[in-house]
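Architecture and fold: a report
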Amino acid sequence: MRLFVALVPPEGLRRDLERRGEELRGLCRRGRVVPWENIHLTLAFLGETDRRDAVERAMGRAAGAPFSLHTARPGLHPGHEPRRTLLPTELTVEESEELARLWFRKLEGLCRFRPALALDRCRQLGVLTTCLARGYVARHPEGPLTEDDAALIGMAAPFCDIGMLGLPDPEDHREEGDPRHTILGHELLAVEGDLPLLRYGAEIALWHHRNADGSGWPQDMDGEAPLSAMLVHTALRLQHYLHYYQGYEDALDRAVRTMKGEVGSILTEEMAGLLEETRQLRAALL
């Protein structure tokens, strides 16, 4: 006799799990949904045994404090295929921010092997990108970006060069000029479904070196870079010139003037226009 110890959740929770299962079935190649009346929470699997009486006696002596159950994020039970987890299709901005912070802490442990991924630089890039993205939203209140999008793009920006971790030579300081890191970063962050933080991260990783005139990377794809990548690209240029003019009291003003000379080749007129909000940029740099 195969025995296991399980809890039977309240009927309302079981019906909710059945409904969620029906929603997920459309995303799966095969599988079935367990009817609500059969849903249970396995605590221990005992396997084949004929000691039913002993199990019942042990269960009779078991005791524990009351606790509550609630549904969380979906996942896939590991079977013959490699273990994997379904990513939720929706995260709040706060949950996305916590996820980005977690990744940033993990990135911190790897940055020592990649000088171009200095943490302070990554953090500043996120701040500058958020400022530019919010400026874009203010100029275009009808879309295509919302305040939440601006926040998510700012969270994704620090990971734009994460593909450098996949380049073979940690001593090669020319790695920032290696287009392979854009492809590697995209492959790392691209997932099935539409989780906005990862979607922005993937497109930024692939397109953040694309210039307004079509030069830069990627070269094998037509069209303009996605808006998220254009914002990060502009923030990267600004960061570059802020470093170049470091030590000048008017470093920001000098950087903005220089970048306006790049309109049409490196930057679009739209992106250069966002640099006019120097007061917000100055505040972001404090």
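To keep things clear, this report deals only with the structure shown in the data block.

What counts and how
- Residues numbered from 1 in each chain as written.
- Predicted model: local features only at pLDDT ≥ 70, side-chain atom pairs only at ≥ 80, totals over all residues.
- Heavy atoms only, no water.
- Helix = DSSP H or I, 4+ residues; strand = E, 2+ residues; numbered from the N terminus.
- Polar contact = N/O pair within 3.5 Å; in protein donor to acceptor, adjacent residues only side chain to side chain.
- Expected span 1.5 Å × (residues − 1).
- Contact = heavy atoms within 4.5 Å.
- Salt bridge = Lys/Arg side-chain N within 4 Å of Asp/Glu carboxyl O.
- Phe/Tyr/Trp six-rings, centres within 6.5 Å; stacked < 30°, edge-to-face > 60°.
- Buried < 20%, exposed > 50% of the residue type's maximum accessible area, 1.4 Å probe, protein only.
- Lys NZ or Arg CZ within 6 Å of the ring centre and 35° of its normal.
- Core = buried A, V, L, I, M, F, W, Y, C linked by side-chain atoms within 4.5 Å.

Overview of the environment of Gln 219
- Of note, Gln 219 is situated in the loop between helix 7 (196-207) and helix 8 (227-244).
- Between the C-alpha atom of Gln 219 and that of Trp 207, which follows or precedes it by twelve residues, the distance is 9.9 Å.
- Among the polar contacts listed, one links the side chain of Gln 219 to the backbone oxygen of Gly 214, at a separation of 3.1 Å.
- In terms of polar contacts, Gln 219 uses its side chain to reach the backbone carbonyl oxygen of Gly 216, at 2.5 Å.

Comments concerning helix 3 (residues 93-110)
- Between the first and last C-alpha of helix 3 there are 26 Å, a value that for 18 residues agrees with the 26 Å anticipated at 1.5 Å per step.
- Close packing links the buried residues of helix 3 with helix 4 (119-139), helix 5 (147-156) and helix 7.

Brief notes about the pattern of salt bridges
- Applying the stated criterion across every chain, the model contains nine salt bridges.
- As a salt-bridge pair, Glu 11 and Arg 15 come within 2.9 Å of each other at their nearest N and O atoms. Residue Glu 11 and its partner Arg 15 are located together in helix 1 (residues 11-25), separated by four residues, close to a single helical turn.
- Glu 262 is paired through a salt bridge with Arg 237; the nearest N and O atoms lie 2.5 Å apart. Within this pair, whereas Glu 262 is found in the loop between helix 9 (251-260) and helix 10 (269-274), its partner Arg 237 is found in helix 8, the two being separated by 25 residues in sequence.
- One network of salt bridges, in which partners are shared, links Glu 97, Glu 98 and Arg 101.

Let's talk about the packing of aromatic side chains
- The final tally for this structure, using the stated rule, is five aromatic pairs.
- Their ring planes at 85 degrees and their centres at 5.0 Å tell us that Tyr 244 and Tyr 245 sit as a pair that is edge-to-face.
- According to the relative accessible area criterion, Tyr 245 is buried, its value standing at 15%.
- Taken together, the ring pairs in this structure connect Tyr 241, Tyr 244, Tyr 245 and Tyr 248 into an aromatic cluster.
- The cationic tip of Arg 199 hangs over the ring face of Tyr 200; the distance from NZ or CZ to the ring centre is 4.9 Å.
- It is Arg 254 that lies over the ring of Tyr 248; its NZ or CZ is 3.9 Å from the centre.

Section: the nonpolar core
- Core analysis: the largest hydrophobic core is formed by 46 residues, its most contacted members being Leu 145, Leu 231, Val 232, Leu 238, Leu 275 and Leu 281.
- If you tally residues by element for this core, the top one is helix 8, at ten residues.
- With sequence-adjacent residues up to four places away left out, Val 232 is seen in contact with Leu 125, Thr 129, Ile 153, Ala 157, Cys 160, Ile 204 and His 208.
- If you look at the next biggest cluster of nonpolar residues, it comprises 15 residues, including Cys 111, Leu 117, Leu 119 and Met 164.

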